[in-house]
Amino acid sequence: MVRANGAVSLRELARVVQTSEVTVRRDVRALEAEGLLDRRHGGAVLPGGFTRESGFPQKSHLATAEKTAIADLAAGLVEEGEAIVVGAGTTTQELARRLARVPGLTVVTNSLLVAQALAHANRVEVVMTGGTLRGSNYALVGSGAEQSLQGLRVSRAFLSGSGLTAERGLSTSNMLSASVDRALVQAAAEVVVLADHTKLGADTMFQTVPTDLITRLVTDEPPVHDDRAATELQALADQGVQIAVAGAMGNPVGDHPPSRTDRRRDVPVPGPRRGQLGTPTATLRSTPLTGEQPGPDRAERAARVADLRRR
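Residues numbered from 1 in each chain as written. Predicted model: local features only at pLDDT ≥ 70, side-chain atom pairs only at ≥ 80, totals over all residues. Heavy atoms only, no water.

Here the focus is the packing of helix α2 (residues 10-17) against helix α3 (residues 21-33). Where α2 meets α3, the closest approach of the two axes is 9 Å, and the angle between their N-to-C directions is 110°. With respect to each other, α2 and α3 are oriented roughly perpendicular. Where α2 abuts α3, its residues L10, R11, L13, A14 and V17 lie against E21, V24, R25 and V28. The class makeup of the residues in the contact of α2 with α3 is six nonpolar, no polar and three charged. (Axes fitted to C-alpha atoms, helices over the stretch in contact; angles between N-to-C directions. Helix = DSSP H or I, 4+ residues; strand = E, 2+ residues; numbered from the N terminus. Parallel < 35°, antiparallel > 145°, perpendicular 65-115°, else oblique. Contact = heavy atoms within 4.5 Å. Nonpolar A, V, L, I, M, F, W, Y, C, P; charged D, E, K, R; others polar.)

Structure follows, in structure tokens:
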């Protein structure tokens with residue numbers, strides 16, 4: 001499966017081979033010892049370290065249900081008449097499909113896949129950057145893309161990447177993609193990162209968004225036994241990142257998200273970040289991690305997940 005897809009999550013492996021994630025994790029550890037794959041938090045990839053990047057066909061098959069749930073939740077942040085930027089990636093492509101329903105929206109993007117998802121949305125204006133086409137992820141990169149973003153100002157940037165840690169923030173394996181993502185961040189008053197649990201704790205070569213510039217993280221609920229992903233979420237919350245967990249409050253997974261009022265409810269969140277322009281215009285239907293208890297043990301994390309499910 002890793003050879004076919006480039007990467008795979010432990011959750012998907014357990015489902016396919018019909019066993020527990022504990023068993024899958026042990027087998028993956030043995031395969032890594034033989035040099036057949038590299039472990040990542042919540043999954044496994046082909047060997048290659050910091051510089052390896054899977055292409056779009058491989059990424060599109062990884063954590064598909066989680067990406068759909070994340071896109072459903074993130075779409076609730078976007079209001080009618082807003083101007084936003086959306087970066088390249090399979091998760092942002094899922095978001096774009098839901099943004100087609102938001103009237104009066106203006107979307108600036110360097111992603112052909114995002115533009116394609118919005119091409120037939122009559123009430124959405126799509127603005128594409130210039131640049132050179134990068135075929136592996138259908139994104140426009142290079143100086144042309146970066147120059148076309150100069151002088152731009154929008155309310156939010158929605159970005160994905162290859163890895164996310166509290167220490168370095170969001171990162172990617174490609175230098176050109178990282179440079180364009182940094183230009184997208186400079187154009188936005190608020191940065192929203194979309195990252196499924198397999199990317200939590202993963203660190204790749206080029207930093208795109210340092211942690212102190214990330215306003216919100218929209219992610220999925222890590223598996224109960226994924227201690228490192230839960231620890232990384234706690235560390236991000238400790239640094240002031242607002243956390244929204246898709247699925248934790250019963251958000252459905254599918255092509256048709258619930259109504260806007262069903263997806264959102266007011267929750268206590270940290271105050272505005274230092275240097276942040278304006279205040280958020282939407283709230284996330286989630287339970288943020290406040291960071292008051294550093295480094296909870298496994299039992300406490302399991303209790304938190306169980307409480308989220310009950311609620």
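Now for the nonpolar core. Residues L164, V193, V209, L217, L236 and I243 are the most contacted members of the largest nonpolar core, which totals 30 residues. Of all the secondary-structure elements, those providing two or more residues to this core are β9 (154-159), α9 (175-186), β12 (188-194), α10 (227-238) and β15 (242-246). If we ignore the near neighbours within four places in the chain, the residues touching V193 are L159, L164, L170, I214, R216, L217 and V218. Within the second largest apolar cluster, 26 residues are counted, among which are V78, V114, L118 and A244. (Core = buried A, V, L, I, M, F, W, Y, C linked by side-chain atoms within 4.5 Å. Buried < 20%, exposed > 50% of the residue type's maximum accessible area, 1.4 Å probe, protein only.)

Moving on, we come to the sheet that holds strand β5 (residues 105-109). The seven strands are arranged β6-β5-β4-β9-β12-β14-β15 in an open sheet whose pairing can be described as parallel. Since the sheet does not close on itself, it has two edges, and those belong to β6 (124-128) and β15, each with one partner. Going across the sheet, the axis of each strand differs from the next one's by a mean of 20°, ignoring polarity. (Pairing = 2+ DSSP bridges.)

Right, let's get into the pairing of strand β11 (residues 169-172). Where strand β10 (residues 163-165) meets β11, three bridges bridge the pair, whose relative direction is antiparallel. In the sheet register, T165 faces β11, and the bridge partner there is G169. Counting the residues in the hairpin turn of β10 and β11 gives three residues.

The next point concerns the sheet that holds strand β3 (residues 43-45). Pairing between the strands of a sheet is mediated by backbone hydrogen bonds and can be parallel or antiparallel. The sheet built from three strands is open, its strands ordered β1-β3-β2 with antiparallel pairing. In this open sheet, the two edge strands, each paired with only one partner strand, are β1 (7-9) and β2 (38-40). Ignoring which end each strand starts from, the neighbouring axes of this sheet average 25° apart. Bridge analysis of β1 against β3 gives three bridges, and the strand direction is antiparallel. Directly across from A7, in β3, lies its bridge partner V45. Running over the sheet, α2 touches β1 and β3 and is turned about 75° from β1.

Turning our attention to a nonpolar patch on the surface. On the surface, L112, M128, L133 and Y138 cluster together to form a nonpolar patch covering roughly 330 Å² of accessible area. With respect to the helices and strands, L133 occurs in strand β7 (residues 132-134). Relative accessible area serves as the criterion here: at 48%, L133 is assigned to the partly exposed category. (Patch = residues over 30% accessible without salt bridge, like charges linked within 9 Å, V, L, I, M, F, W, Y side chains within 5 Å. Areas by Shrake-Rupley, 256 points an atom, 1.4 Å probe, with all protein chains shown as cover. Salt bridge = Lys/Arg side-chain N within 4 Å of Asp/Glu carboxyl O.)

One pass over the full model with this rule turns up 10 salt bridges. Where R97 meets E94, a salt bridge forms, and the shortest distance between an N and an O atom there is 2.5 Å. Highlighted residues: R97 and E94, both in helix α6 (residues 90-99), separated by three residues, approximately one helical turn. Judged by its relative accessible area of 16%, E94 is buried. A salt bridge links E190 to R216; the nearest nitrogen and oxygen atoms lie 2.1 Å apart. Remark: R216 occurs in strand β14 (residues 216-220) and E190 occurs in strand β12; sequence separation between them is 26 residues. Three or more residues are tied together by salt bridges with common partners; here these are D72, E94, R97 and R98.

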